[in-house]
Amino acid sequence: MNLRIHHWLSVVLLSFSATAGPKVTQHDAIPVLLRRCVMCHGQDAREGGLDLRTKSAMLKGGAFVSGKPAESKIIQRIVSRECPPDKNISMAGIERMGAIELKTLRDWISVGAPEVRQTLKPVKLKPEARKHWAFQPPKRPTIPTIAIPQPKIRNPIDVFLLRKLAIQKLGYSPEASKHTLLRRVTYDLTGLPPTSSEMVAFEKDTSATAYEKVVDRLLASPAYGVRWGRHWLDLAGYSDSEGKRSADMVRDYAWKYRDYVINSFNTDKPYNDFLMEQIAGDELVDYSDPEAIDENVIEKLVATGFLRMAPDGTSANPVNRVEDRIEVIGDELQILAGGVMGLTMECARCHDHKYDPISQRDYYSFAAIFKASYDEYNWLTPQPFKNQWAGSTRRHLPVALPEERKPIEAYNAELEEELAPLEKTFTSAKGNERKELKKKIDELKAKKKTMPLIRALWDRGESSPTYVNLRGNLGSPGALVVPALPRVFSEESFQPAKVMGKNKTGNRLALARWITKPDHPLTSRVWANRIWKHHFGQGIVASLDNFGKLGSAPTHPELLDWLAIELVENKWSTKHLHRLICASTAYRQSSLNSKNTAMKDPDNVWLSRMRMRRLDAEELHDGLLAISGRLNTRLGGKPDDVQVRERGYVTGKPGEGGWRRSVYIRQRRIHMMTLLETFDLPAMNPNCVTRINSTVVQQPLFLLHDKVIYDLSRKLASEIQKEAKTIEAATRLAYRKIVNRPPSEKELVEMTESIQELERQFVAAKEAGQRNKALSVVCHALFNSAAFLYVD
């Protein structure tokens, strides 16, 4: 009954011209054929030379007799169950046609297979639809004048914040100490603690620019790209595995995208270029000629891995149905729209958005922009199948192409065809002929091996038509739509961009250029807001991925616009915003919460103090290793594997130089490192916009009882013992290394007494290495302390 209702609605809800047309048209029949037939008879696979995507192609192939469904081969084969063959059911998304679908096809053929031109009524936006602040281009605000002593104001950020604070009869908290400030900015920009030598240098530098020099040093450090690249990888949903299935197949070459991101942050790649390459890198370069492939071409292709990070289990037939593919596409659209533009477009997938002026037609028009790369009816699997059959949607490509979205062994059909007879002849050849053949074979094999293996998205130059799925139901096709931007932003016809190379639509490149327009209402605001969040703990707009009407209102709208304009006018430099934010007096405040601020600004909305925060999972992991001298700082390359121990305990595998930073350890969804998972490393389903900061009993218990942390404590104690000859000196050094400050007099006395007492106990127990063991306990205690776990 429901299917009948869906069919009725699919006809009734289409907006045709006033003239009544046929009851069943190609807009009813073609969607059925797309869902059930084109896997074997479509763009790539054409079993029996038959293409069922259009009426003209069907007539050319003799698929049906107009007006006579009973005499039509297509109907006969479906009814006899000859097509699809039983052996192909569930392969590559193939499923049998249902009774209602078959009736639709019969009805269409019986009335002469009419084709009508669909005339859609224009989507009318309410006059106030575009008045929402986030849908208006940002404008540089006038910096207000306020009667505040100049030392409190270091740049316009302080002016905007202090003006709001003054309204609340509040001001900034006192400036944080040098030790606190150094620890804060070092963790924020690099995800690592300051070293003892860095602390000493900052303590001794009494110049007026001492702090600014620290900021510049940190931004120039390779560790900066690792830290801020990790923030972006959260947004992108980065994972080294496919997810969706218990097998959780490994993505062997996803790490190249990870390295692209980290390198981009380290080189301060302009944010507009960074986005352009990730959205449409394949359309920025010509990769058709293997001889012309260079590092620039490879980089642009690797960048498109951004659109390949959502969970994708479609490598296995049981979860390679059209519905499964739609989920992958929906996840990728959500990652892009929410993470980059702050739009909740997924809310319009089944119906018009309830709050924002985004219609269901807008959603599917937006999805159509990606159709030449992500086509649910001509799908390219993320992992290789062996012994492919013709209808599997896998095809071999020229070696210069980025492996049809799949990170598999490079394969060149032409080379293989050329090699096969040469190798066969070589076995019986003799003398000079054999030498010449071997030379030719070696040249061909060398050419074959030179192609890099990457995971990328690429445009195939054509796609299936896109229909609105009424209520999100594939069985209820609505209006036929074409690529277009949401009408709230543009009512102009969508024009593809001119691309590099052939057989590309230019749709994603046109989208990328629109998104990176200097006056785009969302792009620069969303990125500036995200940078602010990672420095202050909360965005100016708290809902990072929702700048719509239901999202949080900006606490400081003029400041947000000022930051967005600063970003754009300074060549989209992310590091420029870091320097502005870190230089501000607001960032240098202490986290002191006085009675006055607790009463007037309890949630710190107006930034009357700095927010204290706990180290995130990676900072904790990497910090423990760095402090204990077991961190291998090697950048890039294949991810280090994990080892799964008893009871599911997962750790990274150390190399000769120790463990690498957590971003370089394999990020597999079913084998997340126990330490990272315990401290809220998110599962990417599909991505993570804002991390949850939980406080659960497993966290202190893990730090207290984990053997690896015990071992790191002992390693650190040994290093301290080499440098410090007295208990007092060892205590001071332990504090400086772990909590990045000297101990207070009270802490020094208490800790010294504790070490002495521990030594006495170890002597009484007749245990060797009493000093080392006592220091190990102290280091372990400091690793468990709030002074280490929280950044002030």
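Residues numbered from 1 in each chain as written. Predicted model: local features only at pLDDT ≥ 70, side-chain atom pairs only at ≥ 80, totals over all residues. Heavy atoms only, no water.

Peer 1: Please clarify how the overall build of the protein should be interpreted in this entry.
Peer 2: When its secondary structure is counted, the protein shows 31 helices and eight strands. At 31 Å, the protein has a C-alpha radius of gyration in line with the 28 Å of a compact globule built from 792 residues. Reported as C-alpha extents along the three principal axes, the dimensions of the protein are approximately 100 × 80 × 50 Å. Expressed as a percentage of its 792 residues, the buried residues of the protein come to 57%. Excluding contacts between residues fewer than 6 apart, the proportion of contacts in the protein whose partners are at least 24 apart in sequence is 71%. Carbon and sulfur atoms form 54% of the exposed surface of the protein, whose accessible area is close to 34800 Å². Each charge class in the protein can be summarised by its mean position, and for the 117 positive and 96 negative side chains these summaries are 2 Å apart. (Helix = DSSP H or I, 4+ residues; strand = E, 2+ residues; numbered from the N terminus. Rg over C-alpha atoms; globule rule 2.2 N^0.38 Å. Buried < 20%, exposed > 50% of the residue type's maximum accessible area, 1.4 Å probe, protein only. Contact = heavy atoms within 4.5 Å. Areas by Shrake-Rupley, 256 points an atom, 1.4 Å probe, with all protein chains shown as cover. Lys, Arg positive; Asp, Glu negative; His and termini not counted. Charge placed at Lys NZ, Arg CZ, Asp CG, Glu CD.)

Peer 1: Help me out: how do you make sense of the packing of helix 7 (residues 178–190) against helix 9 (residues 210–220) in this one?
Peer 2: The relative placement of two packed helices comes down to the angle between their axes together with the axis-to-axis distance. Put simply, helix 7 and helix 9 touch, their axes get as near as 10 Å, and they point 25 degrees apart. Overall, the two elements helix 7 and helix 9 adopt an arrangement that is roughly parallel. Along this stretch, helix 7 crosses helix 9, giving a crossing that reads as right-handed. Residue-level contacts link Leu181, Leu182, Val185, Thr186, Leu189 and Thr190 of helix 7 to Tyr211, Val214, Val215, Arg217, Leu218 and Leu219 of helix 9. Across the contact of helix 7 with helix 9, the residue classes break down as nine nonpolar, two polar and one charged. (Axes fitted to C-alpha atoms, helices over the stretch in contact; angles between N-to-C directions. Parallel < 35°, antiparallel > 145°, perpendicular 65-115°, else oblique. Left-handed = near helix turned anticlockwise from the far one by under 90°. Nonpolar A, V, L, I, M, F, W, Y, C, P; charged D, E, K, R; others polar.)

Peer 1: Looking at this model, I keep getting lost on helix 5 (residues 99–110). Mind explaining?
Peer 2: Residues lying three or four places apart along an α-helix face the same way, a consequence of the helix completing one turn every 3.6 residues. In this model, helix 5 (twelve residues) spans 16 Å end to end at C-alpha, consistent with the 16 Å of a helix rising 1.5 Å per residue. Within the sequence span of helix 5, burial applies to Glu101, Leu102, Thr104, Leu105, Trp108 and Ile109. Across the axial projection of helix 5, the buried residues extend over an arc of 155 degrees, all falling on one side. Two residues or fewer past helix 5, Gly112 is found with a positive phi of approximately 90 degrees. (Expected span 1.5 Å × (residues − 1). Arc of directions from axis to C-beta.)

Peer 1: It is not clear to me how the packing of helix 7 against helix 8 (residues 196–204) should be interpreted in this structure. Could you clarify?
Peer 2: With their axes 11 Å apart at the nearest point, helix 7 and helix 8 run at an angle of 130 degrees to one another. When the interaxial angle is binned, helix 7 and helix 8 end up oblique. At the point where helix 7 passes helix 8, the crossing takes the right-handed sense. Residues Lys178, His179 and Leu182 of helix 7 touch helix 8, and the partners they reach there are Glu198, Met199, Phe202 and Glu203. Across the contact of helix 7 with helix 8, the residue classes tally to three nonpolar, one polar and three charged.

Peer 1: Sorry, what's going on with the side chain of Thr678 here?
Peer 2: Position of Thr678 relative to the elements: it lies in helix 25 (residues 674–678). Given the relative accessible area of 18%, Thr678 is considered buried. Look past the residues within four positions of Thr678 in its chain and what remains in contact with it is Gln698, Gln699 and Phe702.

Peer 1: What should I look at first to understand the environment of Leu162 in this one?
Peer 2: Within the element layout of this structure, Leu162 appears in helix 6 (residues 156–167). Each C-alpha atom of the pair Leu162 and Leu607 lies 9.0 Å from the other, and the pair is 445 residues apart in sequence. Leaving out residues up to four positions away in the same chain, Leu162 has contacts with Ile146, Ile148, Lys152, Ile153 and Tyr172.

Peer 1: What is the right way to look at the pattern of salt bridges in this model?
Peer 2: Opposite charge on two side chains permits pairing when their charged atoms draw close. Counted according to the given criterion, the structure contains 56 salt bridges. In this structure, the salt-bridge partner of Arg53 is Asp51, at a minimum N-O distance of 3.0 Å. A single burial state applies to Arg53 and to Asp51, both of which are buried. One salt bridge in this structure joins Asp519 and Lys517, with 3.9 Å as the shortest N-O distance. If you follow the salt bridges from partner to partner, you end up with Asp188, Arg227, Arg613, Asp616 and Glu619 in one network. (Salt bridge = Lys/Arg side-chain N within 4 Å of Asp/Glu carboxyl O.)

Peer 1: I'm lost on the nonpolar core in this one. Help?
Peer 2: Proteins that are soluble and globular tend to have nonpolar side chains buried together. Ranked by size, the top nonpolar core spans 127 residues in total, and within it Trp232, Tyr257, Phe306, Leu511 and Trp532 carry the most contacts. The biggest single contributor to this core is helix 14 (residues 322–341), with eight residues. Filtering out sequence-adjacent residues up to four positions away, Leu511 remains in contact with Ile279, Leu336, Phe366, Ile369, Phe370, Leu485 and Phe494. (Core = buried A, V, L, I, M, F, W, Y, C linked by side-chain atoms within 4.5 Å.)

Peer 1: Explain the packing of aromatic side chains to me, please; I cannot follow it from the model alone.
Peer 2: Geometrically, a pair of aromatic rings is defined through the distance of the ring centres and the angle of the planes. Summed over all chains, the structure comprises 23 aromatic pairs. One aromatic cluster is present, built from ring pairs that chain together Trp232, Tyr257, Tyr260, Phe265, Tyr271, Phe274, Phe306, Trp527 and Trp572. Over the aromatic face of Phe202 sits the side chain of Lys178, whose NZ or CZ is 4.3 Å from the ring centroid. The residue whose ring lies beneath Arg184 is Tyr587, and the NZ or CZ to ring-centre distance is 5.8 Å. (Phe/Tyr/Trp six-rings, centres within 6.5 Å; stacked < 30°, edge-to-face > 60°. Lys NZ or Arg CZ within 6 Å of the ring centre and 35° of its normal.)

Peer 1: Whenever I open this one, unusual backbone geometry confuses me. Can you help?
Peer 2: Excluding glycine, residues mostly have negative phi values, and the peptide bonds linking residues are mostly trans. Cys83 connects to Pro84 through a cis peptide bond whose omega is 0 degrees. With omega at -5 degrees, the peptide bond leading from Asn685 into Pro686 counts as cis. Mapping Pro686 onto the fold places it in the loop between helix 25 and helix 26 (698–705). A positive phi is found at Arg647, a non-glycine position, where the angle reads about 60 degrees. Here Arg647 is to be found in the loop between strand 5 (642–644) and strand 6 (650–652). The exposed category is assigned to Arg647, whose relative accessible area is 89%.

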